[in-house]
Amino acid sequence: MRRLQKIIASSPRPHNKQKYAFSEKDASDAQLVSNFLNIEMKRVKFQREYWHGVFEPFVEGFMHGKTLNPDVGCNQIIKFGAMRDYALKNLGANYVATGHYARLWHRDANDQILGNNSAITTVLERAIETVPQDEWILEWGKSWDARVPLLLAAEDESKDQSYFLSGVNGDNFHNVIFPLGNIRKNHTSRHGEQTVRQMAEHFPFGISKKKESMGICFIGRRNFSDFISEYLPEEAVPGSFVDVDSGAVVGKHKGSAFYTVGQGAKISGASCKWFTVGKNTDGTVFVWNDTHHPALYSDELYVNYDEFNWIAGEVPIPLRETNNLPAFCRIRHLQPLIPCCVTALKDQLMIKFDRPVRAIAPGQTAALYVCGGLVCIGGGPIVSRGPTYHELGKELIMSSLHPSGINDLSLRRKCRD
């Protein structure tokens with residue numbers, strides 16, 4: 001039997017003693033489980049790679065008004081970059097397994113471990129029966145490298161992490177295994193299989209009752225504005241909150257970079273909640289006291305062609321042959337998928353939605369899916385959105401709007417009111 005090893009990858013937690021304590025507790029728990037399973041645990045530091053490849057671009061993007069997702073960068077640069085390389089080269093590992101909730105369809109059937117894809121193959125074939133025009137996915141990427149697997153959403157849709165994996169080069173998924181991809185975490189499936197938490201009950205130390213990690217890993221429970229201010233090369237320039245409809249100044253802010261389109265704008269002394277709907281280069285932050293203003297909605301976005309990561313290493317066949325790719329898209333983790341059409345322009349991809357989408361912001365990752373949302377074909381950072389409905393003078397029809405995230409209940413409340 002091959003020797004099993006568990007790697008704990010440490011990333012930087014600048015000036016965050018509380019988060020450091022939590023990471024030490026996680027490492028201690030991992031060591032207890034490793035001991036229980038009788039496998040060796042190695043703790044490896046990737047601070048330098050994380051700092052230069054993830055954290056610095058995050059801060060740089062923040063300074064320029066971009067909403068980068070560090071989890072996408074961490075998977076691309078660290079987990080399936082530096083950590084995977086370390087395991088394969090330094091430890092002589094044959095495979096790398098991680099706890100991501102996603103699935104990989106390995107087409108190398110000669111490999112006894114990676115080629116054991118019968119369940120996933122069946123799921124994929126059933127999806128194609130429903131959407132026969134997506135049959136091209138079976139051959140996609142073979143001309144580039146037949147070993148490159150396809151990335152599929154997890155069985156547990158409520159925990160699916162394919163969005164965070166959309167920026168990973170598909171070649172880096174070769175020799176990778178996602179053991180949790182076909183297992184639900186908290187709620188038993190209709191077939192009655194055990195959940196991950198139920199399996200964990202067989203382990204000691206209360207591992208099955210551990211809370212889920214949420215938020216940006218290097219910030220922890222600190223106030224985001226206070227944290228990020230420590231790493232900005234220049235002090236933020238104060239400015240005004242301006243009512244997007246009346247043009248009236250309704251408050252002052254400490255720097256426009258701290259406000260993201262679609263999120264709440266904390267205005268001192270305000271009697272109601274305001275939302276950021278736009279920003280100007282002069283530091284003005286436009287706001288409105290409702291979460292569904294037309295200035296928040298657009299039905300198209302753009303990604304630089306050379307910044308979009310195609311999982312299989314090549315442009316999808318329909319886009320290459322007809323310059324028209326029917327697909328689904330999400331711009332946030334677990335956001336319900338949105339039907340769209342992808343078109344290649346001179347140096348950009350245009351993603352056109354079939355409905356208005358709320359709060360499209362530069363820097364966010366746009367991830368694309370086909371086969372009814374089963375297969376994630378890639379993702380890339382948004383460069384810009386199209387004109388808003390406010391700019392076009394178009395009225396919003398509430399019944400046609402799309403949830404901005406999995407926990408967005410505002411549409412339900414709005415329609416009820």
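The rules behind each value
- Residues numbered from 1 in each chain as written.
- Predicted model: local features only at pLDDT ≥ 70, side-chain atom pairs only at ≥ 80, totals over all residues.
- Heavy atoms only, no water.
- pLDDT = per-residue confidence, 0-100.
- Contact = heavy atoms within 4.5 Å.
- Helix = DSSP H or I, 4+ residues; strand = E, 2+ residues; numbered from the N terminus.
- 1 Å grid on protein atoms, 1.4 Å probe; cavity = no way out; pocket = protein on both sides within 12 Å on 5 of 7 lines; lining within 4 Å.
- Points joined across faces, edges and corners; volume = space filled by probe spheres on them.
- Nonpolar A, V, L, I, M, F, W, Y, C, P; charged D, E, K, R; others polar.
- Core = buried A, V, L, I, M, F, W, Y, C linked by side-chain atoms within 4.5 Å.
- Buried < 20%, exposed > 50% of the residue type's maximum accessible area, 1.4 Å probe, protein only.
- Axes fitted to C-alpha atoms, helices over the stretch in contact; angles between N-to-C directions.
- Parallel < 35°, antiparallel > 145°, perpendicular 65-115°, else oblique.
- Left-handed = near helix turned anticlockwise from the far one by under 90°.
- Pairing = 2+ DSSP bridges.
- Salt bridge = Lys/Arg side-chain N within 4 Å of Asp/Glu carboxyl O.

(A) Inspection of the confidence of the model for the protein at higher detail. Within the protein, residue pLDDT values average 86, and 86% of them lie at 70 or more. Contacts from residues 412-417, a stretch scored under 50 in pLDDT, to residues over four places away or in other chains number 3 contacts.

(B) Representation of the side chain of Thr-388. Within the secondary structure layout, Thr-388 lies in the loop between β18 (375-385) and α9 (389-392). Setting aside anything within four residues of it in sequence, one finds Thr-388 in contact with Pro-294, Ala-295, Tyr-297 and Ser-298.

(C) Representation of empty space enclosed by the protein. One pass over the full model with this rule turns up 1 cavity of 30 Å³ or more. A class-by-class count of the residues in the lining of the largest cavity yields 8 nonpolar, 2 polar and 1 charged.

(D) Here's a closer look at the nonpolar core. Counting residues in hydrophobic clusters, the biggest one holds 42 residues, and the most contacted among them are Leu-151, Phe-173, Phe-178 and Ile-228. Elements represented by at least two residues in this core include exactly α2 (47-63), α3 (70-90), β4 (102-105), α5 (162-165), α7 (224-229), β11 (285-288) and β17 (365-370). The element that contributes the greatest number of residues to this core is α3, accounting for 7 residues. Discounting chain neighbours no more than four positions away, the residues touching Phe-173 are Phe-80, Leu-104, His-106, Pro-149, Leu-151, Leu-165, Val-168, Phe-178 and Ile-311. Counting 38 residues, the second largest nonpolar core, distinct from the first, contains Val-303, Phe-308, Cys-371 and Val-375.

(E) Broad picture of the packing of α2 against α3. Viewed as axis vectors pointing N to C, α2 and α3 meet at an angle of 165°, and their least axial separation amounts to 10 Å. When the interaxial angle is binned, α2 and α3 end up roughly antiparallel. Taken as a pair, α2 and α3 cross one another with a handedness that is right-handed. Listed contacts from α3 to Glu-49, Tyr-50, Gly-53, Val-54 and Phe-58 of α2 are Pro-70, Gly-73, Cys-74, Ile-77, Ile-78 and Ala-82. Counted by class, the contact of α2 with α3 contains 8 nonpolar, 2 polar and 1 charged residues.

(F) How the structure looks around the pairing of β4. Burial along β4 is two-sided: Ala-102 and Leu-104 facing one way and Arg-103 and Trp-105 facing the other are all buried. Pairing geometry for β4 and strand β5 (residues 150-153), over 4 bridges, is antiparallel. When the bridges of β5 are listed, Leu-104 appears paired with Leu-151.

(G) Structural context of the pattern of salt bridges. Applying the stated criterion to the full structure yields 10 salt bridges. A salt bridge links Asp-156 to Arg-184; the nearest nitrogen and oxygen atoms lie 3.6 Å apart. Taken as a pair, Asp-156 in the loop between β5 and α5 and Arg-184 in the loop between β6 (176-177) and α6 (196-200) lie far apart in primary sequence, 28 residues in all. Of the charged contacts, one joins Asp-160 and Arg-330 as a salt bridge, the two residues approaching to 3.7 Å between their closest N and O atoms. Of this pair, Asp-160 sits in the loop between β5 and α5 while Arg-330 sits in strand β14 (residues 325-330), placing them 170 residues apart in sequence.

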